[in-house]
Amino acid sequence: MDDDGSHLHAKGKRIGNPPFGAMIAVHKQNKREQEMRKDIEFSTEDGTVLRGWYYTPANLTGSVPTIIMAHGFSAVKEMYLDRFAEVFSQAGMAALVFDNRNFGASDGEPRQEIDPWQQVRDYRDAITFAETLPETDRLKIGIWGSSYSGGHVLVVAATDRRVKAVVAQVPLISGHANARRLIRSDAFCGLYDMFDEDRRNRYKGGHPAMIPVVTEDPSGPAALPTADSWAWFTATHEERAPSWRNEVTLRSVEMFTEYEPGIHIAHISPTPLLLIVGLADHLTVADQTLLAYEKALQPKKLVMLNGGHFDAYVHDFDKASGAACEWFKVHLASGTGG
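Residues numbered from 1 in each chain as written. Predicted model: local features only at pLDDT ≥ 70, side-chain atom pairs only at ≥ 80, totals over all residues. Heavy atoms only, no water.

1. Structural notes on the overall build of the chain
Right, on to step 1. Looking only at helices and strands, the chain has 10 helices and 12 strands in total.
Right, on to step 2. In the chain, the proportion of contacts linking residues at least 24 apart, taken out of those at least 6 apart, comes to 75%.
Right, on to step 3. For the chain, the exposed surface amounts to about 15000 Å²; the carbon and sulfur share of it is 54%. (Helix = DSSP H or I, 4+ residues; strand = E, 2+ residues; numbered from the N terminus. Contact = heavy atoms within 4.5 Å. Areas by Shrake-Rupley, 256 points an atom, 1.4 Å probe, with all protein chains shown as cover.)

2. So, the packing of helix α3 (residues 116-131) against helix α4 (residues 148-159)
A pair of packed helices can be characterised by two numbers: the angle between their axes and the separation between those axes.
Right, on to step 1. Running from N to C, α3 and α4 cross one another at 60 degrees; their axes reach a closest spacing of 9 Å. In terms of orientation, α3 lies oblique with respect to α4. Note on packing geometry: the crossing formed by α3 with α4 is right-handed. Judged by residue contacts, P116, W117, Q119, V120, Y123, R124 and I127 of α3 engage Y148, S149, H152, V153, V155, V156 and T159 from α4.
Right, on to step 2. For the contact of α3 with α4, the per-class residue count stands at nine nonpolar, four polar and one charged. (Axes fitted to C-alpha atoms, helices over the stretch in contact; angles between N-to-C directions. Parallel < 35°, antiparallel > 145°, perpendicular 65-115°, else oblique. Left-handed = near helix turned anticlockwise from the far one by under 90°. Nonpolar A, V, L, I, M, F, W, Y, C, P; charged D, E, K, R; others polar.)

3. A look at empty space enclosed by the protein
Gaps between atoms show up when a probe of the same size as a water molecule is rolled over them.
Right, on to step 1. Enumeration over the complete set of coordinates arrives at one cavity of 30 Å³ or more.
Right, on to step 2. In this structure, the largest cavity spans a volume of roughly 150 Å³.
Right, on to step 3. Along the lines of polarity and charge, the residues of the lining of the largest cavity split into 12 nonpolar, six polar and no charged. (1 Å grid on protein atoms, 1.4 Å probe; cavity = no way out; pocket = protein on both sides within 12 Å on 5 of 7 lines; lining within 4 Å. Points joined across faces, edges and corners; volume = space filled by probe spheres on them.)

4. Considering the sheet that holds strand β4 (residues 49-55)
Right, on to step 1. The eight strands lie next to each other as β3-β4-β6-β5-β7-β8-β11-β12, forming an open sheet whose pairing is mixed. On the outer flanks of this sheet lie β3 (37-43) and β12 (300-305), each paired with one strand and no other. On average, adjacent strands in this sheet sit at an angle of 20 degrees to one another, irrespective of strand direction.
Right, on to step 2. Relative to strand β6 (residues 94-98), β4 runs antiparallel, the two being bridged by four bridges. Within the sheet, the bridge partner assigned to G52 lies in β6 and is F98.
Right, on to step 3. Contacting β7 (136-146), β8 (163-169) and β11 (273-278), α4 runs over the sheet at an angle of about 140 degrees to β7. (Pairing = 2+ DSSP bridges.)

5. A word on helix α9 (residues 286-295)
Right, on to step 1. Among the residues of α9, those classed as buried are A286, Q288, T289, A292 and Y293. For α9, the buried positions fall inside an angular range of 160 degrees around the axis, keeping them on one side. With respect to the buried face of α9, the exposed residues turned more than 90 degrees away are L291, E294 and K295.
Right, on to step 2. Residues of α9 that are buried sit in contact with α5 (175-182), β11 and β12. (Buried < 20%, exposed > 50% of the residue type's maximum accessible area, 1.4 Å probe, protein only. Arc of directions from axis to C-beta.)

6. Some remarks on α4
Right, on to step 1. Between its first and last C-alpha, α4 extends 17 Å over 12 residues, near the 16 Å set by a 1.5 Å rise per residue.
Right, on to step 2. Along α4, the residues classified as buried are Y148, S149, G150, G151, H152, V153, L154, V155, V156, A157 and A158.
Right, on to step 3. In this structure, the buried residues of α4 make contact with α3, β7, β8, α8 (250-258) and β11. (Expected span 1.5 Å × (residues − 1).)

7. A word on unusual backbone geometry
Trans is the common state for peptide bonds, and a negative phi is the common state for residues other than glycine.
Right, on to step 1. In this chain, E109 is followed by P110 through a cis amide linkage whose omega measures -10 degrees.
Right, on to step 2. In this fold, P110 is placed in the loop between β6 and α3.
Right, on to step 3. The omega torsion of the bond from S269 to P270 falls at 15 degrees, within 30 degrees of zero and hence cis.
Right, on to step 4. Non-glycine residue Y80 carries a positive phi angle of around 80 degrees.
Right, on to step 5. Here Y80 lies in the loop between β5 (64-69) and α2 (81-90).
Right, on to step 6. One non-glycine residue, N102, adopts positive backbone phi at about 75 degrees.
Right, on to step 7. One can find N102 in the loop between β6 and α3.
Right, on to step 8. Look at N102 and you get buried, because its relative accessible area is 5%.

8. Focus on the side chain of H152
Right, on to step 1. Counting through the fold element by element, H152 comes out in helix α4.
Right, on to step 2. For H152, a relative accessible area of 0% puts it in the buried group.
Right, on to step 3. Within the local environment of H152, its side chain forms a polar contact with the side chain of Q119, the two groups lying 2.7 Å apart. (Polar contact = N/O pair within 3.5 Å; in protein donor to acceptor, adjacent residues only side chain to side chain.)

9. Focus on the pairing of β5
Right, on to step 1. Of all six residues in β5, six are buried, a share of seventy percent or more.
Right, on to step 2. Pairing analysis gives five bridges linking β5 to β7, with the strands arranged parallel. The residue of β7 that forms the bridge with I68 is I143.
Right, on to step 3. As paired strands, β5 and β6 are joined by four bridges and run parallel to one another. Looking across to β6, one finds that I68 is bridged to L96.
Right, on to step 4. Note on the crossover from β5 through α2 to β6: the handedness is right-handed. (Right-handed = clockwise from strand over helix to strand, strands pointing away.)

Quick look at the structure:
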């Protein structure tokens, strides 16, 4: 994350200067980031400009394997994607990280709307953009996704043979089945009534209805109605990602319930697939991911984390990032992808 002095503030209040040694450490870290990372932007096929970061290994000579990365449901790149990209870069690979359209630094309207199929198309446009960069070995492109984008990369890997290795971390497998697990059955009829009323209002020219992404009240309306979702998003927003907003269009939730990325998992082979599952994950529930893994064909590998959905970014980060890095190193460096 760029050093904007945010390490000196908490909730808008100055908390004093860090020790001199800490200032040196921050300076060295920022210098390393500047050496390995630069801001990038590219246009999608429909002309929308997406923005993000481009990481390259130190002492780069020639072209290298390149990993395409985007975040999950409503999340922005500052929510720990920099840490994963740094791991890949330090292992000798490039990483292209971008904010999904309508979020963060990227353009797109309506703001805060998540169309999963459009995000899939944007992944493919990001691959095309990466192919234009002289640092990219076009025969060694990998894709990484987590949570909602973990579902997206299953679709992309099954349909775009430019992808030579894929890592899906705590992925969404079935929007409908997942929603049925997160929302009480007696509330489902009311939810569909809300979708219908929003559609009628938009047809008459009204603004899209909005819904919080997370809520502290477990009984309140939210797209991701779990306590760990509230804790992770609010803390990470305060500590790392000021551009994140706690709202999405209601239509985003409707499209979530219609999205079935897991049906593509059997079509990924022969592209090598790594699936990372949190055994205590009750957001993109673990049993659905484990069942989907059984439907995937070889070459494939399953890595199981002990924690929940968000532990992959923090407490289980070393295991999750290390497994992903090793998968890409083996299958991109050797050129064994599909």
